[in-house]
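Here are the chains, one letter per residue:
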Amino acid sequence: MKHGVLTLVRLKRRADFLRVARTGRRYAAPGLVLQVAPKAAPGLSCQVEEVEATLGIGFTVSKKVGNAVARNRAKRRLRAVVADVMPGQAAASRDFVLIGRKATLRRSFADLKQDLLKALRQTKSLAAADARAAS
RNA sequence: CCAGACGGCUGGACGGUCGCCGCCAUCUUUUGAUGGGGGAGGAAAGUCCGGGCUCCACGAAAAAGCGGUGCCGGGUAACGCCCGGCGGGGGUGACCCCAGGGAAAGUGCCACAGAAAGCAAACCGCCUCGUUUCGGGGAUUUCGAUCUUCGCACGGGGUAAGGGUGAAAGGGUGCGGUAAGAGCGCACCGCGCGGCUGGUAACAGUCGCGGCACGGUAAACCCCACCGGGAGCAAAACCGAAUAGGGAUGGCGUGUUUGCGUGGCGCUUCGGUGCCGCGGAACAGGCGUGUUCGCGCUGCCAUCCGGGUAGGUUGCACGAGGCGUUCGGCAACGGACGCCCUAGAUGAAUGACCGUCUAUCGCCGCUAAAUAUGGGCCGUGGCGUGGACAGAACCCGGCUUACAGGCCGUCUGGCGCC
RNA sequence: CGGGGAGUGGCGCAGCCAGGUAGCGCAUCUGCUUUGGGAGCAGAGGGUCGGAGGUUCGAAUCCUCUCUCCCCGA
């Protein structure tokens, strides 16, 4: 089975964010901050085979970035970058949390993409090397 | 043309690729797929008022307390909002600003300065009268003194014109009047009271009288009038997993004791008492933990019930709704008729990226006019820059605050031309 | 959604309710003292009282609007 497109699941509970921040790895790029943690033990709501094909993703933008318009815009740009990069190049069965910074608003989209790839590499969360070699 | 006042509107456009959240239709077991259509604002903001809605409390309310509002009339579901007037203030003007009830109901305060800051008097000063052991001048003189006048001092009386101040000093200005003065008298202005006229009213005008008494501060306490029960969609209603705990029923299992409750049997002098069972309690025992003291649990299994957590659904978008025409009204607004349905998220959608154009700004040129030159304005070309404030969170009516730039209308002042 | 508090010299705070002088401690500077430093003594400088408007003769203080920060409850 080739490395297919992963399904993104949004993290929505405060407990998930706290768990990722407490237990995971962390890398700060100029345009964003990435936190990674292994996926939580599957509950009854999600099955094991679903865990293998999904990855959780959550966004955090604090009040320091700006007003509501700036915070929403930062989250939208991060979401666009994630939709572009993560399904093909991120390792599965992990939870990611992206934190927006002030530079997220002004950084160019290509640089933002490079920031995310570098953060994935630094946190050893890229997809398996054979998958990259096969492509 | 320049400067300004007021009111209203707008808040980048088009295209491409990839996405997000509801709705409708069809297919589909759930899931999902396809197609269609919709998807932020004038302030969505701040949360300063007024309501709807929901729950709670309450016999209806009233009073007290607390909070708020405060010229008059109108609009409105209501308002602290809006409209139109009145009064005061500012501006040459268009126009703008004002918490704008009551200070003879009471209390408080008015620093410094000043004689005095609130009951009006005291003080300095002014005027007048008197007295004397005072001093100067004049007159008379029997040279002892006497009379008179001025000044000082003291005492009595009359005054409030004046008294460096101060934000504010017991009406102001002028004339008369007086020993000196004073609303003491008069004229005008101000103030107060009463009448008349106009106006729904606030108020304005006018006439007469009073003769000045009544300082300011209520965004100081307060008084008067009016309004307000409390909380908020995380309100509230419904469904409801797992775990723990509660209750009921059944089965299995459980040592001792009982100043407890209860049932059965026996005795009874009918007050009780003996035995047995059940429940409760205590202890023992058991299990877990711990170095000790100690601490925690004490039934197990099955079925059912109720409360209720996470979570979910509803509340939730047809409403004091919008648009147009017309009628009434100066207007706010209201009536009638017609048309329309117009976001519904919940770690929170309504976008990300790219291209072209365009508003704006900067730089470099060109043309025309003018000029001694330079610079600026207008038009035009190229390059670069590049979209203000800001994101619905139950809904509505207001207020306040933020806002690049652009557009429209009405009006005012000034300059020039006809 | 609801409630509360704070903003005053470089720092930490009084003063506000009952309006007229902005004060205290630490810090800074100068001088004395000491061999020198510290401590002590004497003196000095330094504040648009977060911002705007209003009430008042007069506002840090009273009223309205606004900005920033902090805390609490559901």
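## Observations concerning the confidence of the model for chain A
When pLDDT is averaged across chain A, the result is 74; 79% of the residues are at 70 or more. Looking across chain A, the model is least confident in helix 6 (residues 129-134), with a mean pLDDT of 40, and most confident in helix 5 (residues 109-122), with 88. Note on residues 41-51: pLDDT is under 50 here. Beyond four places in sequence and across chains, it has 5 contacts. Scored below 50 in pLDDT, residues 129-135 makes 2 contacts in the model with residues more than four places away or belonging to other chains. Reported confidences for the modelled complex are a pTM of 0.73 and an ipTM of 0.77.

## Some remarks on the side chain of Q35
Mapped onto the fold, Q35 is located in strand 3 (residues 32-38). Once you skip the residues sitting within four places of it in the chain, Q35 turns out to touch V20, A21, R25, R26, D95, F96, V97 and I99.

## Regarding the protein's contact with RNA strand B
Of all residues adjacent to RNA strand B, which total 17 residues, the nearest are R10, T60, R73, R76 and R77. Here the atoms of RNA strand B within 4 Å of the protein split so that 59% fall in sugar or phosphate, with bases taking the remainder. Between RNA strand B and R73, the relevant distance is 2.7 Å, taken from a phosphate oxygen to a side-chain nitrogen or oxygen of the residue. Here R79 contributes a side-chain N or O atom positioned 3.3 Å from a phosphate oxygen of RNA strand B. By residue number, the principal contributor to the surface near RNA strand B is helix 3 (residues 68-89), which donates 8 residues.

## Comments concerning the pattern of salt bridges
In total, this model carries 2 salt bridges according to the counting rule given. In this structure, K113 and D84 form a salt bridge, with 3.0 Å as the shortest nitrogen-oxygen distance. Of this pair, K113 sits in helix 5 while D84 is found in helix 3, placing the two residues 29 residues apart along the sequence. Residue class for K113 comes out partly exposed when judged on its relative accessible area of 26%. Ionic pairing is found between D115 and R107, a salt bridge with its closest N-O pair at 2.5 Å.

Criteria and thresholds
- Residues numbered from 1 in each chain as written.
- Chains lettered and ligands numbered in written order.
- Predicted model: local features only at pLDDT ≥ 70, side-chain atom pairs only at ≥ 80, totals over all residues.
- Heavy atoms only, no water.
- pLDDT = per-residue confidence, 0-100.
- Helix = DSSP H or I, 4+ residues; strand = E, 2+ residues; numbered from the N terminus.
- Contact = heavy atoms within 4.5 Å.
- Near = heavy atom within 4 Å.
- Polar contact = N/O pair within 3.5 Å; in protein donor to acceptor, adjacent residues only side chain to side chain.
- Salt bridge = Lys/Arg side-chain N within 4 Å of Asp/Glu carboxyl O.
- Buried < 20%, exposed > 50% of the residue type's maximum accessible area, 1.4 Å probe, protein only.

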